Amino acid sequence: LDQRDGVLQVGFEGLQDLIEVQRASEPRRTGIQQVEEQAKELAKIPFDIVISSDLERSLQGARRHADFVGLDVKIDPQWRERNFGMHEGKPVTEIGFDQQDYKTLVKHFYDCDCPGGEYPPAFRNRISKALHQTSSQYDGKRVVVHTHGGVIMTAINILLNEKMEFANARPH
């Protein structure tokens, strides 16, 4: 958990070897610890609404956060991570990248027209719609959305009116 320039940044340490964004996977011990720490920190901010992607790893943090503050979690599948189709469950080295590191995974996120998956323009449109609907539906409320790295990067690109491309990627 990091707070810089008034922006709360929450992220998990550690890099998984596989592209596992749609599949349910067992949480790691460090991930469970981080969820607990993040929930305690987020509970210090008086949010009115807690929203989460429908993917379990996002829901886990949202539920813990909501428990601390006595709110219900509103589940919204629009906030789920991008679907990588046939690349799901594979290491990026198996799909044509030379190395398995964070930068390579982010580049894959931006550049991939993954067979059977969600194409970048469709993903960007979905996240744009989620931003607009959430803003309209909860106008005047303080909202926290528990979501995923690719969603966060794309939302930042949209809010800053940037192209969805690797050059505009940011740590999250």
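Everything here concerns the structure above.
K.L.:
It is not clear to me how the side chain of Glu-81 should be interpreted in this structure. Could you clarify?
P.N.:
On the secondary structure map, Glu-81 appears in the loop between β4 (73–75) and α3 (102–111). No salt bridge forms around the buried Glu-81; measuring N to O, its nearest opposite-charge neighbour Arg-57 is 5.3 Å away. Polar side-chain contacts of Glu-81 include one of 2.8 Å to the backbone nitrogen of Gly-150.

K.L.:
Which parts of the structure should I look at to understand the sheet that holds strand β5 (residues 143–146)?
P.N.:
Paired through backbone hydrogen bonds, the strands of a sheet run either parallel or antiparallel to each other. Spatial strand order, β4-β3-β5: three strands in an open sheet with parallel pairing. Where the open sheet ends on each side, the last strands, each with one partner, are β4 and β5. Taken over all neighbouring pairs, the strand axes of this sheet differ in orientation by 30° on average, direction set aside. Bridge count for strand β3 (residues 49–52) against β4 is three bridges, and the pairing is parallel. Residue pairing in the sheet places Ser-52 in a bridge with Ile-75 of β4. Each of β3, β4 and β5 touches helix α2 (residues 56–69); the most contacted strand, β4, lies at about 155° to it.

K.L.:
Sorry if this is basic, but what is going on with the nonpolar core here?
P.N.:
Note that soluble globular proteins tend to have their nonpolar side chains buried in a common cluster. With 19 residues, the main nonpolar core has Trp-79, Phe-109, Tyr-110, Phe-123, Ile-127 and Leu-131 as its most contacted residues. Contributing elements (two or more residues each) for this core: β3, α3, α4 (120–137) and α5 (149–159). With five residues, the next largest nonpolar core counts Leu-42, Phe-47, Val-50 and Val-144 among its residues.

K.L.:
Even after reading the chapter, I still don't get the side chain of Arg-126, so can you show me in this structure?
P.N.:
Within the secondary structure layout, Arg-126 lies in helix α4. Within polar-contact distance, the side chain of Arg-126 engages the backbone oxygen of Gln-78 at 2.6 Å. If near-sequence neighbours (up to four positions away) are discounted, Arg-126 is found in contact with Pro-77, Gln-78, Trp-79, Arg-80, Glu-81, Arg-82 and Glu-118.

K.L.:
Even after reading the chapter, I still don't get α2, so can you show me in this structure?
P.N.:
In an α-helix, one full turn covers 3.6 residues, which means residues spaced three or four apart are oriented alike. The end-to-end C-alpha separation of α2 is 20 Å, in line with the 20 Å expected for 14 residues at 1.5 Å each. By the burial criterion, the buried members of α2 are Ser-58, Leu-59, Gly-61, Ala-62, His-65 and Ala-66. For α2, the arc enclosing every buried residue in end-on projection is 165°, short of the 170-degree limit, so these residues lie on one face. Two residues or fewer after α2 comes Gly-70, characterised by a positive phi angle close to 75°.

K.L.:
Even after reading the chapter, I still don't get the pairing of β3, so can you show me in this structure?
P.N.:
Looking along a regular strand, one sees side chains alternate from face to face of the sheet. Of the two faces of β3, the one carrying Ile-49 and Ile-51 and the one carrying Val-50 and Ser-52 are both buried. In this structure, β3 lies alongside β5, joined through four bridges in parallel fashion. Across the sheet, the residue bridging to Val-50 is Val-144, located in β5. Crossover β3 to β4 through α2 is right-handed.

The rules behind these values
Residues numbered from 1 in each chain as written. Predicted model: local features only at pLDDT ≥ 70, side-chain atom pairs only at ≥ 80, totals over all residues. Heavy atoms only, no water. Helix = DSSP H or I, 4+ residues; strand = E, 2+ residues; numbered from the N terminus. Buried < 20%, exposed > 50% of the residue type's maximum accessible area, 1.4 Å probe, protein only. Lys, Arg positive; Asp, Glu negative; His and termini not counted. Salt bridge = Lys/Arg side-chain N within 4 Å of Asp/Glu carboxyl O. Polar contact = N/O pair within 3.5 Å; in protein donor to acceptor, adjacent residues only side chain to side chain. Pairing = 2+ DSSP bridges. Axes fitted to C-alpha atoms, helices over the stretch in contact; angles between N-to-C directions. Contact = heavy atoms within 4.5 Å. Core = buried A, V, L, I, M, F, W, Y, C linked by side-chain atoms within 4.5 Å. Expected span 1.5 Å × (residues − 1). Arc of directions from axis to C-beta. Right-handed = clockwise from strand over helix to strand, strands pointing away.

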